[in-house]
Amino acid sequence: MPAARPGRSYDRTVTPDDTDRFEASRPRLAAIAYRLLGTAAEAEDAVQETFLRWHAADVDRIEVPEAWLTRVLTNLCLNQLASARARREVYVGQWLPEPLLGGDPMLGPADTAEQRESVSYAVLALLERLPPTERAVYVLREAFDYPHREIAGILDITEAASQQHFHRAKQHVAEGRPRVEIDEAAARRIVEEFLAAARTGRTEPLVRLLTADAVSIGDGGGKVPAYAKVFEGADAVARLLRGLFTPGEAKRVVIGGSPGIYVWSANGAPAVVAVLQGRVVGVMCLEVTAEGIVAIRNQVNPDKLVRATAVWAAADHGEPLFHAF
């Protein structure tokens, strides 16, 4: 492990090389932080704090900069998770992670099935249930392929403990996602069928696309209207969606207009994106399996859509399928 202790301050001049060495690691650090914290803003704050500590350290004594930076960042995130869990106890309504639209570099590596799954919206929601250390081990091992020996050094635990944490985390994630996945093209077709069914004003077409135990969750954060409870069962979810897509002046007033509806991708899976005057006002993440749509997680909290709006502005998204409401 590095000789210098994270957080220790040194009186020295920061060099361009110091900054360049950190910037080379920034994308990886941001991707780790996002998986650990669930929001882009908190992830960026953790990366910035890591940057400040890097500049305050005696970097010439740090033998392996990547390991040092990962250790500092991960422990900052673990501290942040402790306070974040307390805040979420008083959060208005349901709490969901911040979705990242396709093309966002914070999504991180997607070379393997494990890496893609680790950033999926469904898995991020499941990771919220894990103890912080268990979550950190899962992210470092599954998404970034860190060996248990290095994870043990990062988290100040034994290698055996790291392996045990990983086994438990994998088991919890597997229990939460028992169904067979389908390929992206097939999932996108189902999402397009879903939107067509939602526009009919009838529940029957929607019920056929949902699994019997489908759930729908919305996160408005107390900033915009969102259902505070979880809807369970195909019939209940279908009725909710029918109401959501039924045109109405009251909805246009609340939203500020009629948003354009697009089929896009979020966290590596097909999603429905609502955009009004260039601003993303909603991202509906659908968990699609061979059995049908298992879960619909609708993020409408504007605080969690700032980054999505910036990414959307840089994308070539064409015309919307239709305008809602």
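Computed from a predicted model, the values in this text were never measured in an experiment.

A.B. asks: Quick one: what's the story with helix H11 (residues 234-245), residue by residue and with numbers?
C.D. replies: The terminal C-alpha atoms of H11 lie 16 Å apart, and with 12 residues this matches the ideal 16 Å at 1.5 Å per residue to within 8%. Considered for burial, the residues of H11 that qualify are Ala234, Ala236, Val237, Ala238, Leu240, Leu241 and Phe245.

A.B. asks: So, the pattern of salt bridges: which residues are in play, and what are the values?
C.D. replies: All chains considered together, the criterion is met by 15 salt bridges. Here Arg26 ties to Glu23 by a salt bridge, and the two come within 2.8 Å at their closest N and O atoms. Of the two residues, Arg26 and Glu23 both sit in helix H1 (residues 16-37), three residues apart, roughly one turn of that helix. With relative accessibility at 25%, the residue Arg26 sits in the partly exposed group. According to the relative accessible area criterion, Glu23 is partly exposed, its value standing at 34%.

A.B. asks: Explain the nonpolar core to me, using residue names and the numbers behind them.
C.D. replies: By size, the foremost hydrophobic cluster in this structure holds 49 residues, and its most contacted members are Ile32, Leu73 and Leu127. Residue assignment for this core shows that the elements contributing at least two residues are H1, helix H2 (40-56), helix H3 (65-88), helix H5 (121-127), helix H6 (132-143), helix H7 (148-155) and helix H8 (159-176). If we ignore the near neighbours within four places in the chain, the residues touching Ile32 are Thr70, Leu73, Val139, Leu140, Phe144 and Tyr146. Grouped together as the second largest cluster of nonpolar side chains are 33 residues, Leu206, Val237, Ala274 and Phe325 included.

A.B. asks: Help me get a handle on the sheet that holds strand S1 (residues 210-219), residues and values and all.
C.D. replies: Ordered by their spatial adjacency, seven strands build an open sheet running S2-S1-S6-S5-S4-S3-S7, and the pairing between neighbours is mixed. In this open sheet, the two edge strands, each paired with only one partner strand, are strand S2 (231-232) and strand S7 (322-323). Pairing geometry for S1 and S2, over two bridges, is antiparallel. The partner of Val215 across the bridge, within S2, is Glu232. Each of S1, S2, strand S5 (279-289), strand S6 (292-299) and S7 is contacted by H11, which is oriented at about 45° to S1, the strand it contacts most.

A.B. asks: Any chance you could break down the confidence of the model for the chain for me, citing the residues and the numbers?
C.D. replies: Per-residue confidence for the chain averages 91 on the pLDDT scale, and 95% of its residues sit at or above 70. When pLDDT is averaged over each helix and strand of the chain, the minimum, 84, is found for helix H12 (residues 249-255) and the maximum, 97, for helix H13 (residues 306-313). Across residues 1-11, where pLDDT falls below 50, the model places 26 contacts with residues more than four positions away in sequence or in other chains.

A.B. asks: Before we move on, could you go through the packing of H2 against H3 and cite the residues and values that matter?
C.D. replies: Viewed as axis vectors pointing N to C, H2 and H3 meet at an angle of 135°, and their least axial separation amounts to 9 Å. Considering the angle they form, H2 stands oblique to H3. Helix-helix and strand crossings are classified by hand; for H2 and H3 the assignment is right-handed. Mapping the contact onto sequence places Glu42, Ala46, Val47, Glu49, Thr50, Arg53 and Trp54 in H2 and Pro65, Trp68, Leu69, Val72, Leu73, Leu76, Cys77, Gln80, Arg87 and Arg88 in H3.

Cut-offs and rules
All chains use their own residue numbering, which begins from 1 and follows the written sequence. Under the rules for a predicted model, residues below a pLDDT of 70 receive no local features and side-chain atom pairs below 80 are neither given nor counted, while totals for whole chains, interfaces and linings still include all residues. In computing side-chain properties, one takes all heavy atoms of the structure into account and sets aside hydrogens as well as water. Numbering of helices and strands starts at the N terminus; helices are DSSP runs of H or I of at least 4 residues and strands are runs of E of at least 2. Between the first and last residue of a helix there are one fewer steps than residues, each counted as 1.5 Å, and that sum is the expected span. When accessible area is computed with a 1.4 Å probe and restricted to protein chains, residues below 20% of their type maximum are described as buried, those above 50% as exposed, and intermediate ones as partly exposed. Here, a salt bridge means any side-chain nitrogen of Lys or Arg that lies within 4 Å of a carboxyl oxygen of Asp or Glu. As used here, the term nonpolar core means buried Ala, Val, Leu, Ile, Met, Phe, Trp, Tyr and Cys residues forming a set that is joined through side-chain atoms within 4.5 Å. We call two residues in contact whenever any of their non-hydrogen atoms come within 4.5 Å of each other. Strands were regarded as paired on the criterion that DSSP finds at least two bridges between them. Only the stretch in contact is used when fitting a helix axis, every axis being a line fitted to C-alpha atoms; angles between N-to-C directions are given from 0 to 180 degrees. Per-residue confidence from the prediction method is given by pLDDT, with values spanning 0 to 100. Angle categories are assigned with fixed cut-offs, so that under 35 degrees is roughly parallel, over 145 is roughly antiparallel, 65 to 115 is roughly perpendicular, and the rest are oblique. We call a crossing left-handed when the near helix sits turned anticlockwise from the far one by less than a right angle, and right-handed when that turn is clockwise.

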